[in-house]
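A structural walkthrough
Letter by letter, the chains look like this.
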Amino acid sequence: MDLRDNMNTFNDTKRQYSTHLFTKEAENIIAKHDQSKPLFMYLAYQAVHSPLQVPSAYIDKYRWIKDRNRQTYAGMVSCMDEAIGNVTNALRDYKLWDNTVLIFSTDNGGQVLSGGNNWPLRGWKGSLWEGGVRGVGFVNSPLLKFKNVINHELIHVSDWFPTLYGLAGGSLEGLTLDGYNQWGTISNQEKSCRKEILHNIDTLTTKHGRPAFSNTFDTSIRSAIRIENWKLITGNPGPSKWVPPPDSSKSCPYKKKIAPQITKKNVWLFDIAADPEERNDLSDENPEMVRVMLDRLLVYNSTAVEPRYPPGDPLCDPDLYGGFWGPWIEKYMLVKMEN
């Protein structure tokens, strides 16, 4: 197993499930923490994600699920749920919980080829539909003013830094950031400071169709942007079907291993608040809004740094460095000198 403890490599964790391993380390950090000092912990579990693996004890309770991927996925979720409970208990045991904010969030929609599901949302991981870009999550804390509420405000991943930094007493004055301090939205049910979310501008994906407008953003480029309730998608949005859970009685037009293709159409506009499933394209009825959003994409793209994907370098092969991935240029020179 390729693991590191800060800069140190170690491989004495064979046959240990990473969710258990990471949880044990988190509990150790909490137990040793000086309670007079603040604590920030970013705990990035490998679950739930492919490859689909979990100790059999967690699968046993889901034998009634016929789809094997979905069954294992459910077991992985239960294991992760148990792990987060154990971390929360450790925070309570060591008297840290009363001043803690716990944030749980995913980074993208579920992958239907690996046990995930986004029904009734459209699309899945890798697409620009809500099933691909909408992240589920929750915030739990004794510090919340309003608890047990559902928040429908716009919040983006870039908002976490200024939100947490502000909670810790830091000043955002003089900082140029993409994110906003959203604590008032999360805790007090205030309106979000955010009006827009740039989901993506992907200039590497092959263009799709022809530009629908002149003198604005090229609609053949794969992109998506949200402005308040409106969402615009251009180019090739990726897998576009609505996929029910495998054991559902609902009809499913999706065929496994067949990537659904769309026509040369390359502009879609949706009112996400009224139509979160993205079934009613409003682009023809609202050309002015389409144009406004394309102009915003043009502004964002004007500040973008061109993506760079250099060719693979055989010198980075982990077999050259004891089986561990990491920076390789200096290590290669050292190995070469020693040989």
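These notes cover the structure that comes with them.

Quick notes on the rules
- Residues numbered from 1 in each chain as written.
- Predicted model: local features only at pLDDT ≥ 70, side-chain atom pairs only at ≥ 80, totals over all residues.
- Heavy atoms only, no water.
- Helix = DSSP H or I, 4+ residues; strand = E, 2+ residues; numbered from the N terminus.
- Buried < 20%, exposed > 50% of the residue type's maximum accessible area, 1.4 Å probe, protein only.
- Contact = heavy atoms within 4.5 Å.
- Areas by Shrake-Rupley, 256 points an atom, 1.4 Å probe, with all protein chains shown as cover.
- Lys, Arg positive; Asp, Glu negative; His and termini not counted.
- Charge placed at Lys NZ, Arg CZ, Asp CG, Glu CD.
- Phe/Tyr/Trp six-rings, centres within 6.5 Å; stacked < 30°, edge-to-face > 60°.
- Lys NZ or Arg CZ within 6 Å of the ring centre and 35° of its normal.
- Axes fitted to C-alpha atoms, helices over the stretch in contact; angles between N-to-C directions.
- Parallel < 35°, antiparallel > 145°, perpendicular 65-115°, else oblique.
- Nonpolar A, V, L, I, M, F, W, Y, C, P; charged D, E, K, R; others polar.
- Patch = residues over 30% accessible without salt bridge, like charges linked within 9 Å, V, L, I, M, F, W, Y side chains within 5 Å.
- Salt bridge = Lys/Arg side-chain N within 4 Å of Asp/Glu carboxyl O.
- Expected span 1.5 Å × (residues − 1).

1. Observations regarding the overall build of the chain
- Scanning the chain from N- to C-terminus turns up eight helices and eight strands.
- In terms of its C-alpha atoms, the chain occupies a principal-axis envelope of roughly 60 × 60 × 55 Å.
- Considering the chain as a whole, with its 339 residues, one finds that 34% of them fall into the buried category.
- In the chain, the proportion of contacts linking residues at least 24 apart, taken out of those at least 6 apart, comes to 61%.
- When the accessible surface of the chain is totalled, it reaches about 21,500 Å², and 52% of it is carbon and sulfur.
- Treating the 39 positive side-chain charges of the chain as one cloud and the 39 negative ones as another, the clouds have centres 6 Å apart.

2. Overview of the packing of aromatic side chains
- Enumeration over the complete set of coordinates arrives at four aromatic pairs.
- For the pair Phe-104 and Phe-138, a centre-to-centre distance of 5.2 Å together with 15° between the ring planes defines the contact as stacked. With a gap of 34 residues between them, Phe-104 in strand 3 (residues 102–105) and Phe-138 in strand 4 (residues 137–140) connect regions that are remote in the sequence.
- Residue class for Phe-104 comes out partly exposed when judged on its relative accessible area of 23%.
- Owing to a relative accessible area of 42%, Phe-138 belongs among the partly exposed residues under this scheme.
- For the pair Phe-161 and Tyr-165, a centre-to-centre distance of 5.4 Å together with 20° between the ring planes defines the contact as stacked. Residue Phe-161 and its partner Tyr-165 are located together in helix 5 (residues 160–167), separated by four residues, close to a single helical turn.
- Judged by its relative accessible area of 33%, Tyr-165 is partly exposed.
- Through pairs of rings, three or more aromatic residues link up here, namely Trp-129, Trp-268 and Phe-270.
- Over the ring of Trp-97 we find Arg-92; its NZ or CZ atom is 4.9 Å from the centre of that ring.

3. Regarding the packing of helix 1 (residues 18–32) against helix 3 (residues 68–93)
- Orientation of helix 1 relative to helix 3, taken along the N-to-C sense of each, is 5°, at an axis distance of 9 Å. Taken together, the axes of helix 1 and helix 3 lie roughly parallel to each other. Between helix 1, through Thr-19, His-20, Thr-23, Ala-26, Glu-27 and Ile-30, and helix 3, the contact on the second element is made entirely by Cys-79, Met-80, Glu-82, Ala-83, Asn-86, Val-87, Ala-90 and Leu-91.
- Considering only residue class, the contact of helix 1 with helix 3 consists of eight nonpolar, four polar and two charged.

4. Some thoughts on unusual backbone geometry
- Omega for the bond connecting Ala-47 with Val-48 falls within 30 degrees of zero, at 5°, which places this linkage in the cis form.
- By secondary structure assignment, the location of Val-48 is in the loop between helix 1 and helix 2 (56–59).
- Note that the residue after Trp-119, namely Pro-120, is joined by a cis bond; omega there is 10°.
- Here Asn-215, not a glycine, exhibits a phi torsion of approximately 60°, which is positive.
- Looking at the element boundaries, Asn-215 is found in the loop between strand 5 (196–202) and strand 6 (222–227).

5. What about the side chain of Thr-216?
- With respect to the element layout, Thr-216 can be found in the loop between strand 5 and strand 6.
- Residue Thr-216 is classed as buried on the basis of its relative accessible area, which comes to 12%.
- Not counting the four nearest positions on each side in its chain, Thr-216 is found in contact with Arg-291, Leu-294, Asp-295 and Leu-298.

6. Details of a nonpolar patch on the surface
- Taken together, the side chains of Phe-161, Tyr-165, Leu-175 and Leu-177 make up a nonpolar region of the molecular surface, amounting to roughly 350 Å² of accessible area.
- With respect to the secondary-structure elements, Leu-175 resides in the loop between helix 5 and helix 6 (183–188).

7. Remarks on helix 1
- Along its 15 residues, helix 1 runs 21 Å from first to last C-alpha, staying within 8% of the 21 Å computed at 1.5 Å per residue.
- Close packing links the buried residues of helix 1 with strand 1 (3–5) and helix 3.

8. Digging into the pattern of salt bridges
- With the rule as written, the count across this model stands at 12 salt bridges.
- In this structure, Asp-159 engages Arg-194 in a salt bridge whose closest nitrogen and oxygen atoms are separated by 2.7 Å. With a gap of 35 residues between them, Asp-159 in the loop between strand 4 and helix 5 and Arg-194 in the loop between helix 6 and strand 5 connect regions that are remote in the sequence.
- Its relative accessible area of 0% is what places Asp-159 among the buried residues.
- Between Asp-202 and Arg-222 there is a salt bridge, with its nearest N and O atoms 3.5 Å apart.

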